[in-house]
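Examining the three-dimensional arrangement
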Amino acid sequence: MNCNEIIAEEKDVIFNTYARYPICISHGAGSRLFSFDGKKYLDLLAGIAVCGLGHANEEIKQAISNQASKLIHVSNLFYTKEQVELAKKLVATTDHLKKVFFCNSGAEANEAAIKLARRYMQKIKNQERYEIITLEESFHGRTYATMSATGQERIKDGFSPLVPGFLHAKINDIEDVKRKVSKNTAAIMIEVVQGEGGVKPLDKKFVQDLYKLCLEEDIIFIVDEIQTGMGRTGKWWAFQHYGVKPHIITSAKALANGLPIGCMMATAEISKGFSLGSHATTFGGGPLVCAAALKVLEIIKRDNLIENARKIGNFALSLLNKLKEENSHLIKEVRGLGLMIGIEIVDDEKAKKIFNALLDNGIIVNLTQQKILRLLPPLIITQQEISYFVDTLAKILKKI
Ligand SMILES: Cc1ncc(COP(=O)(O)O)c(C=O)c1O
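Fair warning: this is a prediction, and the values are worked out from it, not measured in the lab.

Domain assignment breaks the protein chain into domain 1 (61–302) and domain 2 (304–395). Taking the mean C-alpha position of each, domain 1 and domain 2 sit 27 Å from one another. Listed as interface residues are 25 residues of domain 1 and, on the opposing side, 21 residues of domain 2. Of all residues in domain 1, the largest losses of buried area upon contact with domain 2 belong to Val-199, Arg-232 and Ile-300, amounting jointly to 37% of the total for that side. At the boundary of domain 1 and domain 2, one finds 13 residue pairs in polar contact (both at pLDDT 80 or more). Mapped by element, the contributors of at least two residues to the side of domain 1 that touches domain 2 are β8 (193–194), β9 (200–201) and α11 (287–302). Element by element, the count of residues in the side of domain 1 that touches domain 2 is highest for α11, at four residues. Across the side of domain 1 that touches domain 2, the residue classes break down as seven nonpolar, 11 polar and seven charged.

What follows covers the pattern of salt bridges. It is possible for side chains bearing opposite charge to pair when their charged atoms get close. Within this structure, the stated rule accounts for 21 salt bridges. Among the salt bridges present, the one from Glu-59 reaches Arg-302, with a minimum N-O distance of 2.8 Å. Residue Glu-59 is found in helix α3 (residues 58–68), and its partner Arg-302 is found in helix α11; the two are separated by 243 residues along the sequence. Linking Asp-303 and Arg-302 is a salt bridge whose minimum nitrogen-to-oxygen distance equals 2.8 Å.

Our focus in this paragraph is the nonpolar core. Grouped together as the largest cluster of nonpolar side chains are 95 residues, with contacts concentrated most on Ile-190, Leu-320, Ile-343 and Phe-389. Residue contributions to this core peak at nine residues, all from α11. The two domains that each donate at least three residues to this core are domain 1 (61–302) and domain 2 (304–395). Core analysis: the next-biggest nonpolar cluster, separate from the first, contains 24 residues, Cys-103, Ala-109, Ile-132 and Met-264 among them.

Another aspect to go through is the sheet that holds strand β17 (residues 372–375). In space, the four strands of this open sheet follow the order β13-β14-β17-β16, with antiparallel pairing throughout. Strands at the two margins of the open sheet, each flanked by one partner only, are β13 (331–337) and β16 (366–368). Taking the axes of each pair of neighbouring strands and ignoring which way they run, one obtains an average angle of 25° across the sheet. Seen against the sheet, helix α12 (residues 305–326) touches β13, β14 (340–345) and β17 and runs at an angle of roughly 170° to β13.

Thresholds, definitions, all that
- Residues numbered from 1 in each chain as written.
- Predicted model: local features only at pLDDT ≥ 70, side-chain atom pairs only at ≥ 80, totals over all residues.
- Heavy atoms only, no water.
- Domains from an automatic or database assignment.
- Contact = heavy atoms within 4.5 Å.
- Buried area = accessible area lost by both parts, 1.4 Å probe.
- Polar contact = N/O pair within 3.5 Å; in protein donor to acceptor, adjacent residues only side chain to side chain.
- Helix = DSSP H or I, 4+ residues; strand = E, 2+ residues; numbered from the N terminus.
- Nonpolar A, V, L, I, M, F, W, Y, C, P; charged D, E, K, R; others polar.
- Salt bridge = Lys/Arg side-chain N within 4 Å of Asp/Glu carboxyl O.
- Core = buried A, V, L, I, M, F, W, Y, C linked by side-chain atoms within 4.5 Å.
- Buried < 20%, exposed > 50% of the residue type's maximum accessible area, 1.4 Å probe, protein only.
- Pairing = 2+ DSSP bridges.
- Axes fitted to C-alpha atoms, helices over the stretch in contact; angles between N-to-C directions.

Shown next, in the form of structure tokens:
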């Protein structure tokens, strides 16, 4: 099939839920993607913060291939070395989280966190606390509980009734959170940098106040690190910039550089909320994805990619802020942390034009909330590649 045929036939056989870019991708290499017609793209999206090590990484390919030739799946009825080794490496990225539950996606990781928080309250604390406070404009997934947790109405349109017990507070407004806390509050769940909601790093003081509130009121503090995690923001986890110690964090996306995996990590105390048979998944933590994730962690450490994310992220932010000064009629704000960057354009129409022009010029970014250009490049991105992007963007802005 050629690309035109694929696009035409996709409409007939695939649910109409995705607004796709009009490109058929054939392969990738590092931070490049190649379309069917041989056009080369600079990939500043990395499969939505997934391919942190870029595409077609040789060592990841080897790790997957070696594992595939031994054992792909066996179920959680057995022990496997890969799962335990990965869990040990993951808890070592924090100094306080001790246990891991593996699953297959971000939504499932958050679903597990929600279930654990409620069950801990009911079974360990003997309290009927079930409410979970999340933030407006947050995004936590598309399953029923995680959609109910999400603070964006458009995501929930047509799906009522939702899972009860979720309240949404205003971002950076501790008083609004306090108004929503009651004797029923089990947990507060946040992204410390809201991703899909428009790349919004929360105020440090707000996050610290939330944490303090959780400690005072015996509320479980959950940080969704699905988009921010695995080094993207310049630390293993974004919460580590904020001087807080969440009781639960969730991860997925970049964990295995593209193979589907998710995980929830919790403190020793909160992990008591799950007991034998209380939660499970057939595929979660299978040896294939764990072998890939082990290699991802090894490469991130060995190649100092977290430091690269911090350095290149700062470099990108400084160039983009300069561009904003020169183009304040088009760029409203530039914000981000590490390699999670949002460029807010003054209106939706201009944002769409800029997005399309970038694509025409062989640069892939994402457009979120209609007017925010979101950059989630691979952690291996170079200064030259960022400079090329900013130069191209500058040329495009001149023509808008
Ligand atoms: C912060 C956050 N949480 C949860 C999810 C859901 O993850 P998944 O799409 O793997 O279910 C996403 C996905 O974009 C996300 O960015």
